[in-house]
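Commentary on secondary and tertiary structure
Single-letter residue listing:
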Amino acid sequence: MRPLLSRRCAPAAICAALALAGLHASSAADEPVIRVTARKFEYDTPEIILKKGVPVTIELTSLDRVHGFNLPDFKTRADAIPGMVTRVRIVPDKAGTFAFFCDVFCGDGHEEMAGKIVVKD
Amino acid sequence: MSHDTIKRRDFLKLAGLGGAVFASGLSGWAQAVKSGAADEFYFVQLSDTHWGFNGPKVNPEAASTLKKAVAAVNGLEQKPDFVVFTGDLTHTTDDPKLRRARMAEFRDIVSELKIKDVRFMPGEHDASLDRGEAYQEFFGKLHYSFDHKGVHFIALDNVSDPGASLGEAQLKWLAQHLKQLGKDAPIVVLAHRPLFDLYPQWDWATRDGASAVELLMPHKNVTVFYGHIHQEHHHKTGHIAHHAAKSLIFPLPAPGSAPKRAPIPWDEAEPNKGIGFRSIEADAKGAQYKLAELPVPKG
Ligand SMILES: [Cu+2]
């Protein structure tokens, strides 16, 4: 389980927890940022918990080769590229569990490369 | 000629293969069969053989399933006009040498087919990791077209791009190609992945598949045969029918019916359950196709 996102993380302990989970507040838009690192054949953050109505930016990168990040229920996809950060903004306007997966064929294990986003009310 | 036609229709019953028959198209089939026209023929679609796959819980007979399928095709009472493999001939590997070894083995096994007109197509397992380099060494072009007894076949490649796009160049080729065909021409499109959004949550789609369907829409007689999803499936986008074939290695669950797109485990009580191939009787004049799903005999 990952901590629920919150727009602010005033207490230092929560900030640390969010940072550990790959989350930190983006200084520019004051919108939460979630870092997701891909590699064969997994995401380091296979479960992302969001709060309904709180938009987030996902920062994607990869450790080995190009992978994909496809979240069809939000009509969103992007490439995760080694040495680069790709940003994807998600507006979680509905609660539920939504699958994301790698849509760039990456080898024997590609079909298992998936995760989920849980949007809580 | 009419004798041939009768024999062809009987083989499904007589070959002891059974299988469900799915008629695609609306009317005129019986009429066409009676006339025994020269533009009737049948071909066989085999798909997703994944040669080199290793997973005893999913298919403990993986080393022999393809050979049995070849024997089953050879055992058909009437020879098909041709055989087409709609992709994932081999199971993927990061090792380019092993990939080529699997392709060579696959080619050797299917060379046992008595019918010599065999068409190949790539799947992502064959072609995505090297953009079709090894595939082309063994099996030729990634996309192509051919005519057979009045039907125009177009084999599309939605796999050599690892992102599962047809790509602008191929779409342009398709558009140019279709321009030369009459709007009534019987067209069969072959592909590995579905050209429509079958179930995007499991990546059962082609990124720019809608563009291909859009190009095909003005043509009245278009039918698509594809693989990838390891099960029989029938769908229509407008007037265009899309038929997915079973795999020859393991079945996958129906779209969205399981938490994961994971292979259905082997059933000791029913070996080869859910795997098989398909025969397609074509009547070019009426642009109609009669499908029969055929099992791989056990033992
Ligand atoms: Cu991947």
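This write-up is about the structure you can find in this document. Nothing here was measured: the structure is a model prediction, and the numbers come from that model. (Residues numbered from 1 in each chain as written. Chains lettered and ligands numbered in written order. Predicted model: local features only at pLDDT ≥ 70, side-chain atom pairs only at ≥ 80, totals over all residues. Heavy atoms only, no water.)

Topic: the overall build of chain A
Scanning chain A from N- to C-terminus turns up one helix and ten strands. Tracing chain A from N to C terminus, the helices and strands come up as α-β-β-β-β-β-β-β-β-β-β. Taking all 121 residues of chain A together, the buried fraction comes to 48%. In chain A, the share of contacts with a sequence separation of at least 24, taken over all contacts with a separation of at least 6, comes to 60%. (Helix = DSSP H or I, 4+ residues; strand = E, 2+ residues; numbered from the N terminus. Buried < 20%, exposed > 50% of the residue type's maximum accessible area, 1.4 Å probe, protein only. Contact = heavy atoms within 4.5 Å.)

Focus on empty space enclosed by the protein
Under the defined criterion, the tally for this structure stands at four cavities of 30 Å³ or more. Put simply, the second largest cavity is a space of about 50 Å³. Looking at the second largest cavity, the residues that line it are A:Asp103, A:Val104, A:Phe105, A:His110, B:Glu124, B:Ser128, B:Val159, B:Asp161, B:Pro162, B:Ala164, B:Arg193 and B:Asp203. The class makeup of the residues in the lining of the second largest cavity is five nonpolar, two polar and five charged. (1 Å grid on protein atoms, 1.4 Å probe; cavity = no way out; pocket = protein on both sides within 12 Å on 5 of 7 lines; lining within 4 Å. Points joined across faces, edges and corners; volume = space filled by probe spheres on them. Nonpolar A, V, L, I, M, F, W, Y, C, P; charged D, E, K, R; others polar.)

A short note on the coordination of the copper ion
Residues and elements named next belong to chain A. At this site the copper ion is bound by His67 (ND1), Cys102 (SG), Cys106 (SG) and Met113 (SD), with donor distances of 2.1 to 2.8 Å. Relative to the metal, the four donor atoms surrounding the copper ion lie at angles of 87 to 125°, and the coordination shape comes out tetrahedral. Taken in chain order, the donor set of the copper ion reads H-x34-C-x3-C-x6-M. You can see His67 sitting in strand E6 (residues 67-71) and its partner Met113 sitting in the loop between strand E9 (96-101) and strand E10 (114-120), a full 46 residues away along the chain. You'll find His67 and Met113 in the same group, each marked buried. (Donors = N, O, S within 2.8 Å, 3.2 Å for Na, K, Ca; no water. Tetrahedral: all angles 85-135°; square planar, octahedral: opposite > 155°, others 65-115°.)

What to know about the sheet that holds strand E10 (residues 240-244) of chain B
Residues and elements named next belong to chain B. The sheet built from six strands is open, its strands ordered E5-E6-E7-E8-E10-E9 with mixed pairing. Of all strands in the sheet, those with a lone pairing partner are strand E5 (144-148) and strand E9 (233-237), marking the two edges. Pairwise comparison of adjacent strand axes, ignoring direction, gives a mean angle of 20° for this sheet. Pairing geometry for strand E6 (residues 151-155) and strand E7 (residues 187-190), over four bridges, is parallel. Each bridged residue has a counterpart across the sheet, and for Phe153 the counterpart in E7 is Val188. Packed onto the sheet, helix H7 (residues 168-179) meets E5, E6 and E7 and runs at close to 175° relative to E6. Along the sheet face, helix H8 (residues 209-216) touches E7, strand E8 (222-226), E9 and E10 and points at about 135° away from the line of E10. (Pairing = 2+ DSSP bridges. Axes fitted to C-alpha atoms, helices over the stretch in contact; angles between N-to-C directions.)

Everything listed here is a matter of geometry and, on its own, says nothing about what the molecule does.
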